[in-house]
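Summary of structural features
What follows is the residue order along each chain.
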Amino acid sequence: MNSSTNSSLTGTLPIVVSIFIAMVLVVMKLPQSFEAWRPDWVGVVVIAWAIFVPRVCGPVFGMLAGLAVDVLMGESLGVYALIYAMLAYMANVINFKMKMFKLFQQALVVFGLTLMARFLLVFLVEVNTEIFTDWLYWAPLIVNMIIWPWVYLVICNSMYAVT
Amino acid sequence: MLGTMFDATVPTVRWFVVSCLAGAILIVDRQTDWLDNVRTLLSFPLSLVYVAAEAPQAIYQGVNWALEPSIDTEVAYQKLRAEYAGLKVETLRIRALERENNELRSLLDASKATRMETKYARVKDISVNTFRQQVVVDKGLIDGAYEGQVAIDEMGIVGLVTEVMANSAQVRLLTDGDVAIPLMFERSGVRTMGIGQGGSNYILKLPFLTRNSDIREGDLLVSSGMGGRYPEGYPVAIVEDIAEISAHSFLEITARPIVELEKLAHVLLLSVNRDVEK
């Protein structure tokens, strides 16, 4: 009993640490010209965990990560919570397929998932919808694809390293 | 078979519940301030994220500072001393005026002028939200910052504190898309509203002025103090462009904030003491 609770604690450690690092990367200062290309670090990490350990990281996990990001960004509570809960659920649903996919195929799926997330974001944040027509608004989706393999590999290995 | 079709690992019910919950939280947080305490509570562990995000910059600056040749401290000291003396005299004069003003106000039976206290806050080297024009400053709950506080700098008004965390606060700049500020033309006394434009342009629009308004390019806009949120009489912006569109009866006026909001390095947080007897 005691050993099982202990192992579940060390099991969640990589999850917490990776979300923390993702949040740091979200608020870290970048040169002005790179600012628009900043990927959705937390979103990608949430997807990776929801695929890798779907029983642990489901919608509730997504919502908690989202609430933290809401506070961090000064956005209304619930905006990112709603978005990341959706991302986690969808990743849960397709986790079997995703595990079979090659990394670049996974990256394409991540593109689609984060595309939906970004659409939802505009409607929830209610900033002027002119932002839609600015192609730079969608730039992070490309970077999400590029960072995906690295994030996924690091997350898989971190879990194996701990357990 | 049914078992594989409706796999138990897919948490559909949980997703439904979580979505409803998150949606409810969103609506409640938009409409009321019930969740402000939750936000503050969450912000305590999360301020660690800010610390970590600022660490590389801080280290870089530390190394830079160590490698830089020291500036001539004697010269700098003398200069600052002279400036300090000048400001000190100015302060004394203002104190006297404030007293006189309060006496006059009490003769008129008007309420006493509100007394402002300022607190210096450094703008942190992090960028929080690409949708918003907002900055994070290094004064928070512990230092007595509160939501709704007005941020200024030595030139004029900067914005409003929208969220207070443990030892940091988020200041929304007055050019953000969700911000409006009551203004007055210093020259003509015309009152109007300035609406922030957001996005990547740091300008205000003044959409409620008709063609016969007494306005010129280069006019100074100060805060009018209407509504009681912003203090009265602080410089805000300068009229940059006045466009007449023949189909509209309103002018299209663009104003540029006096403070260089893109390059903000520090702000002063104003706190209002309404019942100071002096």
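Keep in mind that this is a model prediction, so the values were computed, not measured.

**Comments concerning the overall build of chain A**
- Helix and strand counts for chain A stand at seven helices and zero strands.
- Along the chain direction, N to C, the helices and strands of chain A fall in the order α-α-α-α-α-α-α.
- Within chain A, buried positions represent 45% of all 163 residues.
- Partitioning the contacts of chain A with sequence separation of at least 6, the portion at a separation of at least 24 is 69%.

**A word on the interface of chain A and chain B**
- If you look at the interface, chain A gives 35 residues, while chain B gives 37 residues.
- Put simply, the parts of the chain that give the side of chain A that touches chain B at least two residues each are helix 1 (2–27), helix 3 (59–73) and helix 4 (79–93) of chain A.
- Per element, the largest residue contribution to the side of chain A that touches chain B is eight residues, and it comes from helix 3 of chain A.
- The residue inventory of the side of chain A that touches chain B, partitioned by class, reads 24 nonpolar, six polar and five charged.

**Remarks on helix 2 (residues 12–31) of chain B**
- When the terminal C-alpha atoms of helix 2 of chain B are compared, their 29 Å separation across 20 residues agrees well with the 28 Å that a helix rising 1.5 Å per residue should span.
- In this structure, the buried residues of helix 2 of chain B make contact with helix 3 and helix 4 of chain A.

**A word on the packing of helix 2 (residues 41–52) of chain A against helix 6 (residues 103–125) of chain A**
Residues and elements named next belong to chain A.
- Look at helix 2 against helix 6: their axes get within 11 Å of each other, and the N-to-C directions meet at 125°. As far as their axial angle goes, helix 6 and helix 2 are oblique. Seen along the crossing, helix 2 lies across helix 6 with a hand that is right-handed. Contacts between helix 2 and helix 6 involve Gly 43, Val 44 and Ile 47 on the former and, on the latter, Val 110, Leu 113, Thr 114 and Ala 117.
- By residue class, the composition of the contact of helix 2 with helix 6 is five nonpolar, two polar and no charged.

**Regarding the packing of helix 3 of chain A against helix 2 of chain B**
- Between helix 3 of chain A and helix 2 of chain B, the shortest axis-to-axis distance is 9 Å and the interhelical angle comes to 25°. Judged on the interaxial angle alone, helix 2 of chain B and helix 3 of chain A are roughly parallel. Along its contact with helix 3 of chain A, which presents A:Pro59, A:Val60 and A:Met63, the element helix 2 of chain B presents B:Arg14, B:Trp15, B:Val18 and B:Ala22.
- The residue makeup of the contact of helix 3 of chain A with helix 2 of chain B, split by class, is six nonpolar, no polar and one charged.

**Side note on the environment of A:Ala50**
Residue and element names in this part refer to chain A.
- Within the secondary structure, Ala 50 is located in helix 2.
- With 12 residues separating them in the primary sequence, Ala 50 and Gly 62 have C-alpha atoms 8.5 Å apart.
- Those residues in contact with Ala 50, other than ones at most four positions away along the chain, are Cys 57, Gly 58, Ala 88, Ala 91, Asn 92 and Asn 95.

**Quick look at the confidence of the model for chain B**
Residue and element names in this part refer to chain B.
- This prediction gives chain B a mean pLDDT of 85; 92% of its residues lie at or above 70.
- Within the model, the stretch residues 1–7 combines pLDDT values under 50 with zero contacts to residues more than four positions away or in other chains.
- Note on the complex model: pTM 0.82, ipTM 0.87.

Thresholds applied
Residues numbered from 1 in each chain as written. Chains lettered and ligands numbered in written order. Predicted model: local features only at pLDDT ≥ 70, side-chain atom pairs only at ≥ 80, totals over all residues. Helix = DSSP H or I, 4+ residues; strand = E, 2+ residues; numbered from the N terminus. Buried ≥ 20, exposed ≤ 12 C-beta atoms within 10 Å, placed from the backbone. Contact = placed C-beta atoms within 7 Å. Nonpolar A, V, L, I, M, F, W, Y, C, P; charged D, E, K, R; others polar. Expected span 1.5 Å × (residues − 1). Axes fitted to C-alpha atoms, helices over the stretch in contact; angles between N-to-C directions. Parallel < 35°, antiparallel > 145°, perpendicular 65-115°, else oblique. Left-handed = near helix turned anticlockwise from the far one by under 90°. pLDDT = per-residue confidence, 0-100.

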